Amino acid sequence: WINGPAGAGKTVLLCGKMIQLAQSDKENKIVLLRFTGKGNNSQLNQRALDKANVQYEEMIAVTIYDNEAASYSQLGELISDKESQVIIINMIDYNGNFELIT
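The shown structure was predicted, so the numbers you read here are calculated from the model rather than taken from an experiment.

Comments concerning the overall build of the protein
Point 1. Scanning the protein for helices and strands turns up 3 helices and 4 strands.
Point 2. When the helices and strands of the protein are placed in sequence order, the string is α-β-α-β-α-β-β.
Point 3. Out of the 102 residues in the protein, the part that is buried amounts to 31%.
Point 4. For the protein, restricting intrachain contacts to residue pairs at least 6 apart in sequence, the fraction spanning at least 24 positions comes to 81%.
Point 5. Surface summary for the protein: the accessible area is close to 6,700 Å², and the carbon and sulfur share equals 50%.

Here it is in structure tokens:
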């Protein structure tokens, strides 16, 4: 987890690390779990990855009341099946579990 006050550079640090990992080995797969909300800097991630020519894909995970273990298993399978090197998962938390919208 990256934690800190607004303006501390959390998003910039994270974008730099994702790009570094992606460029160091084309076999690396980077997964960013991002909780949605006001001011979540989603465009900053996208612009940085585009500028570095790093292929990425976004998915949305919505929380629901359901079997949590099955949801995590489903998430792992979907990530494994993606061809993109960076997967950005936007988490929308309602009830502590999630359902994937791809």
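That shown, we press on.
So, unusual backbone geometry
Point 1. Phi is positive for Asn53, close to 55°, though the residue is something other than glycine.
Point 2. Here Asn53 shows up in the loop between helix 2 (42-51) and strand 2 (56-62).

Section: the confidence of the model for the protein
Point 1. Per-residue pLDDT for the protein averages 77, and the proportion of residues at 70 or more is 72%.
Point 2. Least confident of the elements in the protein is strand 4 (residues 99-101), whose mean pLDDT is 51; most confident is helix 1 (residues 10-24), at 91.

Considerations on the nonpolar core
Point 1. Of all hydrophobic cores here, the largest spans 10 residues; its members are Met18, Ile19, Ala22, Ile30, Leu32, Leu49, Ala52, Val54, Val86 and Ile88.
Point 2. Secondary-structure elements contributing two or more residues to this core are helix 1, strand 1 (30-35) and strand 3 (86-92).
Point 3. Per element, the largest residue contribution to this core is 3 residues, and it comes from helix 1.
Point 4. Setting aside anything within four residues of it in sequence, one finds Val54 in contact with Ala22, Leu49 and Val86.
Point 5. By size, the runner-up hydrophobic cluster in this structure holds 6 residues, among which are Met59, Leu75, Ile79 and Ile89.

Here's the deal with helix 1
Point 1. For helix 1, which comprises 15 residues, the first-to-last C-alpha distance of 21 Å matches the rise-based estimate of 21 Å (1.5 Å per residue) to within 8%.
Point 2. The complete set of buried residues in helix 1 reads Thr11, Cys15, Met18, Ile19 and Ala22. Down the axis, helix 1 shows its buried residues gathered within 95° of arc, on one side only. Helix 1 presents Leu13 and Ser24 as exposed residues on the side facing more than 90 degrees away from its buried surface.

Concerning the pattern of salt bridges
Point 1. For the structure shown, the criterion picks out 1 salt bridge.
Point 2. Ionic pairing is found between Glu57 and Lys82, a salt bridge with its closest N-O pair at 3.1 Å. Placement of Glu57 in strand 2 and of Lys82 in the loop between helix 3 (68-81) and strand 3 is noted, with a sequence separation of 25 residues between them.
Point 3. For Lys82, a relative accessible area of 18% puts it in the buried group.

What counts, and at which threshold
- Residues numbered from 1 in each chain as written.
- Predicted model: local features only at pLDDT ≥ 70, side-chain atom pairs only at ≥ 80, totals over all residues.
- Heavy atoms only, no water.
- Helix = DSSP H or I, 4+ residues; strand = E, 2+ residues; numbered from the N terminus.
- Buried < 20%, exposed > 50% of the residue type's maximum accessible area, 1.4 Å probe, protein only.
- Contact = heavy atoms within 4.5 Å.
- Areas by Shrake-Rupley, 256 points an atom, 1.4 Å probe, with all protein chains shown as cover.
- pLDDT = per-residue confidence, 0-100.
- Core = buried A, V, L, I, M, F, W, Y, C linked by side-chain atoms within 4.5 Å.
- Expected span 1.5 Å × (residues − 1).
- Arc of directions from axis to C-beta.
- Salt bridge = Lys/Arg side-chain N within 4 Å of Asp/Glu carboxyl O.

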